[in-house]
Amino acid sequence: MTWLSKLLSLCYQDLQERFAGSLLGTLWVFIWPLIQLFIYMVIFGKLMGGRLGMHGQIYSYGFYIASGLLSWTFFATSVARCSRCLIDKSGIIRKVKVNLPLFPAVVCATELMPFCAGLILLVLADLFTGWLPSPAKMALLALAIYTQLILAFGFGSFLACATVFIRDTSEITGVCLQMAFWFTPIVYLPTILPDWLAGFLWINPMTDITSIFQHCFVSTPLPGLFAVIYALVVAHCVLVLGCWTMHGWRKDILDVL
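Here goes a summary of the coordinates provided. Owing to the predicted nature of the structure, the values given are computational and were not obtained by experimental measurement. Residue positions are given per chain, counting from 1 as you read along its sequence in written order. The predicted origin of the model limits local features to residues at a pLDDT of at least 70 and limits the giving and counting of side-chain atom pairs to 80 or more, whereas totals for whole chains, interfaces and linings rest on all residues. Only hydrogens and water are set aside; all other atoms, that is, all heavy atoms of the structure, feed into the side-chain values.

**Details of the nonpolar core**
Core analysis: the largest hydrophobic core is formed by 60 residues, its most contacted members being Trp-72, Phe-75, Leu-86, Leu-151 and Phe-217. Runs of E in the DSSP output that reach at least two residues are strands. Runs of H or I that reach at least four are helices, and both are numbered from the N terminus. Looking at this core, the elements that each hand over two or more residues are helix H2 (28–48), helix H3 (60–82), helix H4 (85–88), helix H6 (102–128), helix H7 (135–165), helix H8 (169–182), helix H10 (205–218) and helix H11 (225–248). If you tally residues by element for this core, the top one is H3, at 13 residues. Ignoring any residue separated from it by four or fewer positions in sequence, one finds Leu-86 in contact with Ile-93, Leu-100, Phe-103, Ala-160, Cys-161, Val-164, Met-246, Ile-253 and Leu-257. Only buried Ala, Val, Leu, Ile, Met, Phe, Trp, Tyr and Cys residues count toward a nonpolar core, and they belong to the same one when joined by side-chain atoms within 4.5 Å. Between buried and exposed lies partly exposed: a residue is buried under 20% and exposed over 50% of the maximum accessible area for its type, with that area taken using a 1.4 Å probe on protein chains only. In what follows, residue pairs with any heavy atoms lying within 4.5 Å of each other are defined as contacts.

**Details of the layout of surface pockets**
In this approach the atoms are scanned with a rolling probe the size of a water molecule, which exposes any empty space left behind. Within this scheme a cavity is a closed region of a 1 Å grid, computed over the protein atoms alone, that accommodates a 1.4 Å probe without allowing it to escape, whereas a pocket is open but has protein on both sides within 12 Å along at least five of seven lines; lining residues each have an atom within 4 Å of a point. Grid points are joined across faces, edges and corners, and a volume is the space filled by probe spheres set on the points. Taken as a whole, the second largest pocket holds about 290 Å³ of empty space. Residue lining of the second largest pocket: 15 residues in total, with Phe-75, Phe-155, Cys-176, Leu-177 and Ala-180 positioned closest to the centre. At the level of elements, H3, H7, H8 and H10 are the ones that each hand at least two residues to the lining of the second largest pocket. No other element matches the six residues that H8 contributes to the lining of the second largest pocket. For this scheme, ten residues count as nonpolar: Ala, Val, Leu, Ile, Met, Phe, Trp, Tyr, Cys and Pro. Four count as charged, namely Asp, Glu, Lys and Arg, and the remainder, Gly too, count as polar. Here the residues of the lining of the second largest pocket sort into 13 nonpolar, two polar and no charged.

**Examining H10**
To estimate the expected span of a helix, subtract one from its residue number and multiply by 1.5 Å. Between the first and last C-alpha of H10 there are 20 Å, a value that for 14 residues agrees with the 20 Å anticipated at 1.5 Å per step. Burial within H10 is extensive, with 14 of its 14 residues counted as buried. Polar contacts here mean pairs of N or O atoms no more than 3.5 Å apart (in protein, one a potential hydrogen donor and the other a potential acceptor; neighbouring residues in sequence count only if both atoms are side-chain atoms). One side-chain oxygen at the N-terminal end of H10 lies 3.0 Å from the backbone nitrogen of Met-206; it belongs to Asn-204. Remark: Ser-219 follows H10 within two positions and exhibits a positive phi of approximately 60 degrees.

**Some remarks on the environment of Thr-169**
With respect to the element layout, Thr-169 can be found in helix H8. Thr-169 gets classed as buried once you look at its relative accessible area, which sits at 10%.

**Notes on the packing of H3 against H7**
As a packed pair, H3 and H7 sit with axes 8 Å apart at the nearest point and diverge in direction by 20 degrees. Taken as axis vectors, H3 and H7 run roughly parallel relative to one another. Crossing of H3 against H7: the hand is right-handed. Between H3 and H7, the contacting residues are Ser-71, Phe-74, Phe-75, Ser-78, Val-79 and Cys-82 on the first element and Gln-148, Leu-149, Leu-151, Ala-152, Phe-155, Gly-156, Leu-159 and Ala-160 on the second. Among the residues forming the contact of H3 with H7, the class breakdown is 10 nonpolar, four polar and no charged. Angular values range over 0 to 180 degrees, each being the angle between N-to-C directions of two axes fitted as lines to C-alpha atoms, with helices fitted over their stretch in contact. Note that the term roughly parallel is reserved for angles under 35 degrees, roughly antiparallel for angles over 145, roughly perpendicular for angles of 65 to 115, and oblique for everything else. By definition, any crossing whose near helix is turned counterclockwise from its far helix by less than a right angle is left-handed, and any crossing with a clockwise turn is right-handed.

**Here's the deal with the packing of aromatic side chains**
Pairing of aromatic side chains here covers Phe, Tyr and the six-membered ring of Trp, requires ring centres within 6.5 Å, and sorts the geometry by plane angle: under 30 degrees stacked, over 60 edge-to-face, intermediate tilted. One pass over the full model with this rule turns up eight aromatic pairs. Consider the rings of Trp-72 and Phe-75, whose centres lie 5.6 Å apart with planes at 50 degrees: the pair is tilted. You can see Trp-72 and its partner Phe-75 sitting in helix H3, three residues apart, about one turn around the helix. Using a relative accessible area of 6% as the deciding quantity, one classes Trp-72 as buried. According to the relative accessible area criterion, Phe-75 is buried, its value standing at 6%. For the ring pair Phe-165 and Trp-249, a centre distance of 5.8 Å and an interplane angle of 85 degrees mean the geometry is edge-to-face. With a gap of 84 residues between them, Phe-165 in helix H7 and Trp-249 in the loop between H11 and helix H12 (250–256) connect regions that are remote in the sequence. Here the aromatic residues Trp-72, Phe-75, Phe-155, Phe-181 and Trp-182 are joined through ring pairs into a cluster of three or more.

**Examining the pattern of salt bridges**
Whenever Lys or Arg places a side-chain nitrogen within 4 Å of a carboxyl oxygen from Asp or Glu, that contact is recorded as a salt bridge. One pass over the full model with this rule turns up three salt bridges. Two residues, Arg-84 and Asp-88, come together in a salt bridge whose shortest N-O distance is 3.6 Å. Residue Asp-88 is classed as exposed on the basis of its relative accessible area, which comes to 51%. Asp-255 is paired through a salt bridge with Lys-251; the nearest N and O atoms lie 3.5 Å apart. On the criterion of helical spacing, the pair formed by Asp-255 and Lys-251 is a turn pair, its members being four residues apart in helix H12.

Below is the structure:
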């Protein structure tokens, strides 16, 4: 069985386990993004859209939140689930010889499904309001998706290894992700913060990634070239860290599991 076929097989198994016993099954992958988009557009858009003043559209704030949260939700959910993937699949790991990076890869690949469903719905909703995507914005969006994917995989791989030895790691990860959410300008504009505090936000690579999403869908200011390169460099460094940890700690991980 090839690496790709194993990945697809485990992705299918993961989806089956997540929705086992559910009447609608995997349809929830599409239902949840639809519900969330409705909340952002109708509730946040109508109630708070006028406060942003972007394009003069009532739904601008809704698109601002939806685009940022779409990116953040994929990243946070992937990292949180990855942190426990080796523990959760310890039975398989003990019985079958398999590459450890396959398990965080399965989590990230599975989380791409609701992300892509939400992205399609967001694009359709934005097109309905008169948004016209440019090739440059679509290229930037693809770059942001790639960056968040390898960032999530890298962090997730490292934390999965750490959780094998320190079981509290997954709980600490949840706390850190909750704190990091508020240090990412998703529900607020960076311009409302003092300059000294706003400067710290850009240390967080997810700030650059979510800002690209928001720029593509709402035409908010685009992060500078340095910020985009910084996010790419950090993501690849984290990817190397995660892969090195999976490889270097493999024997000890198998002994503990």
